[in-house]
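# An overview of the molecular structure
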Amino acid sequence: MGKYTKVARGALPLDTILDGDCIDMMNSLPESSIDLIFADPPYNLQLKGDLHRPDNSKVDAVDDAWDQFASFAAYDKFTANWLGAARRLLKPNGAIWVIGSYHNIFRVGAAMQNAGFWMLNDVVWRKSNPMPNFRGKRLTNAHETLIWASKSEESKYTFNYEALKALNEGVQMRSDWVLPICTGHERLKNEAGEKAHPTQKPESLLHRVIVATTRPGDVILDPFFGTGTTGAVAKKLGRDFIGIEREASYRAVAEKRLKSVRKFDRSSLEVTQSKRAEPRVPFGQLVERGMLNPGEELWSLNGRHKAKIRADGTLVGDDVKGSIHQVGAALEGAPSCNGWTYWCFKRDGKNVSIDVLRQQIRAEMN
């Protein structure tokens, strides 16, 4: 991996849809300039003949020219080329998501490993309302697969674990996601009243991907932009996007869509962070700022022990001296202790955790 040179944001065509071939357009952008890539490449569907419903009406399936390849070899070459261009664009700590069906995702996954990407997860998007299997000769195709990979094994990629846990009512997010396909008011139509794109992805899917693996202000590239779902969700969530789309009809729909999208306010874009990600606040800073004073007593949450604050932010209690953590552990006879949650101070006759004061300082720092 070559030396990383920081790219000025002004050198990127932010919040723009580029007209042209995805590989040519990606090769025209600065190296190591993108935080995240979301790619929904052609599936190369191996469909034979028209598909009809039981009432003999024709299903509007994917039969566009952009999804047609002469052979698997041609598709593999295309895949290797766009993945190579994508990897060049990613920052050292960047990552990529690729979505596909059983027609193409296994070939794409192998190509990603060959290109040097480091696999993080495969995610099964289980459709809560899949299209029925009208021919009755196979299982109902009720899922698609997403592959999440970092640029390299050494990449320190973004993963907002606590935010995803919060999205899932406090339970660790799994790799099988149950979300509906794009229908109803979300399904975009062209001027003729027909589906604007045969494989438009739901905003809920992109919301989860972007909240999970980016931060506000990050740049997200979608080399197969279609009708702009990635851009719409990125804009709402305070991320910048770059879209690439060679089909004029899709660009027109996407541009109209994006004009009506508004960014959420700044406070709404904040997500739950892990405790380790929060800024460190020494206990002594509370003493320096007069939030607690030398000589003031702290009490253990269980009420069994007390200690006196010293001018340097240490405590003394029962002939034990040291930090809030060391004194708490010694008094409890425990190998360790989180002093921030162990100690309280008295205010108006009530016990108040010293962690309340730490959070006040953190709020100021943020």
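- The name recorded for the protein in an unreviewed UniProt entry is Methyltransferase, from Litoreibacter roseus.
- Recorded under Sequence similarities (unreviewed entry), the UniProt text for the protein is reproduced unchanged: "Belongs to the N(4)/N(6)-methyltransferase family."

### Let's talk about the side chain of T213
- Within the fold, T213 resides in helix α5 (residues 203-213).
- Within polar-contact distance, the side chain of T213 engages the side chain of W97 at 3.2 Å.
- Within polar-contact distance, the side chain of T213 engages the backbone oxygen of V209 at 2.7 Å.
- Discounting residues that sit within four places of it in the chain, T213 has contacts with L36, W97, W148, T158 and N160.

### Some words on the sheet that holds strand β1 (residues 16-18)
- Reading across the sheet, the eight strands line up as β1-β8-β7-β2-β3-β5-β4-β6 and stay open at both edges, with mixed pairing between neighbours. Two strands bound the open sheet, and with one partner strand each, they are β1 and β6 (176-179). Sheet twist, expressed as the average angle between the axes of neighbouring strands with direction ignored, equals 20°.
- For strand β2 (residues 34-39) and strand β7 (residues 219-222), the ladder comprises two bridges, and the chain directions are parallel. When the bridges of β7 are listed, I37 appears paired with L221.

### Examining α5
- Most of α5 is tucked away, with nine of its eleven residues classed as buried.
- Residues of α5 that are buried include every one of E203, L205, L206, R208, V209, I210, V211, A212 and T213, and no others.

### Notes on the nonpolar core
- F38, W97, I99, L146, W177, L205 and V209 are the most contacted members of the largest nonpolar core, which totals 34 residues.
- Looking at this core element by element, the count peaks at six residues for α5.
- Not counting chain neighbours up to four residues away, the residues in contact with W177 comprise W97, V123, V124, W125, R126, L205, R208 and V209.
- Counting 31 residues, the second largest nonpolar core, distinct from the first, contains L18, A39, A86 and A149.

### With respect to the sheet that holds strand β10 (residues 306-309)
- Reading across the sheet, the six strands line up as β12-β11-β10-β9-β13-β14 and stay open at both edges, with antiparallel pairing between neighbours. Looking at which strands have only one partner, the edges of the open sheet turn out to be β12 (320-322) and β14 (350-353). In this sheet, neighbouring strand axes are inclined to one another by 35° on average, regardless of whether the strands run parallel or antiparallel.
- Bridge count for β10 against strand β11 (residues 315-317) is two bridges, and the pairing is antiparallel. Within β11, the residue paired with I309 across the bridge is L315.
- Against the sheet, helix α9 (residues 324-332) touches β10, β11, β12 and β13 (343-347), its axis set at about 155° to β12.

### Some thoughts on unusual backbone geometry
- At D15, a residue that is not glycine, the phi angle is positive and equals roughly 55°.
- Among the structural elements, D15 can be located in the segment before β1.
- The class of D15 is partly exposed, set by a relative accessible area of 41%.
- Residues other than glycine seldom take positive phi values, yet D318 does so here, at roughly 50°.
- Mapping D318 onto the fold places it in the loop between β11 and β12.

### What to know about the pairing of strand β8 (residues 240-244)
- The buried count for β8 comes to five of five residues, which makes it a mostly enclosed element.
- The alternating pattern of β8 places D240, I242 and I244 on one face and F241 and G243 on the opposite face, and all of these are buried.
- Two strands pair when backbone bridges link them, and β1 and β8 are joined in this way by three bridges, in the parallel orientation. By the bridge assignment, I17 is partnered in β8 with G243.
- Handedness of the β-α-β unit built from β7, helix α6 (residues 229-236) and β8 comes out right-handed.

### Some remarks on helix α2 (residues 72-89)
- Taking 1.5 Å as the rise per residue, α2 with 18 residues should run 26 Å; its terminal C-alpha atoms sit 26 Å apart, in good agreement.
- Here α2 has its buried residues at Y75, F78, T79, W82, L83, A85, A86 and L89. In a view along the axis of α2, the buried residues occupy a sector of 160°, so they form one face of it. Of the residues in α2, the exposed ones pointing more than 90 degrees away from the buried face are A73 and K77.
- Looking at the buried side of α2, the elements it contacts are α1 (22-27), β2, β3 (90-100), α3 (105-115) and β7.

### Regarding the domain arrangement of the protein
- Here the protein is described as being made up of domain 1 (11-269) and domain 2 (283-365).
- The gap between the C-alpha centroids of domain 1 and domain 2 is 50 Å.

### So, the side chain of D218
- Note on placement: D218 falls in the loop between α5 and β7.
- At a separation of 2.9 Å, a polar atom in the side chain of D218 contacts the main-chain amide nitrogen of R215.

### What to know about the environment of G238
- As for its position among the elements, G238 is in the loop between α6 and β8.
- Judged by relative accessible area, G238 falls into the buried class, the value being 14%.
- For the pair G238 and S268, spaced 30 residues apart in the sequence, the C-alpha separation amounts to 9.8 Å.
- Setting aside its immediate chain neighbours within four residues, G238 contacts P216, G217, K263 and L269.

The rules behind these values
Residues numbered from 1 in each chain as written. Predicted model: local features only at pLDDT ≥ 70, side-chain atom pairs only at ≥ 80, totals over all residues. Heavy atoms only, no water. UniProt positions renumbered as here; feature names shortened; annotations may be inferred. Helix = DSSP H or I, 4+ residues; strand = E, 2+ residues; numbered from the N terminus. Polar contact = N/O pair within 3.5 Å; in protein donor to acceptor, adjacent residues only side chain to side chain. Contact = heavy atoms within 4.5 Å. Pairing = 2+ DSSP bridges. Axes fitted to C-alpha atoms, helices over the stretch in contact; angles between N-to-C directions. Buried < 20%, exposed > 50% of the residue type's maximum accessible area, 1.4 Å probe, protein only. Core = buried A, V, L, I, M, F, W, Y, C linked by side-chain atoms within 4.5 Å. Right-handed = clockwise from strand over helix to strand, strands pointing away. Expected span 1.5 Å × (residues − 1). Arc of directions from axis to C-beta. Domains from an automatic or database assignment.

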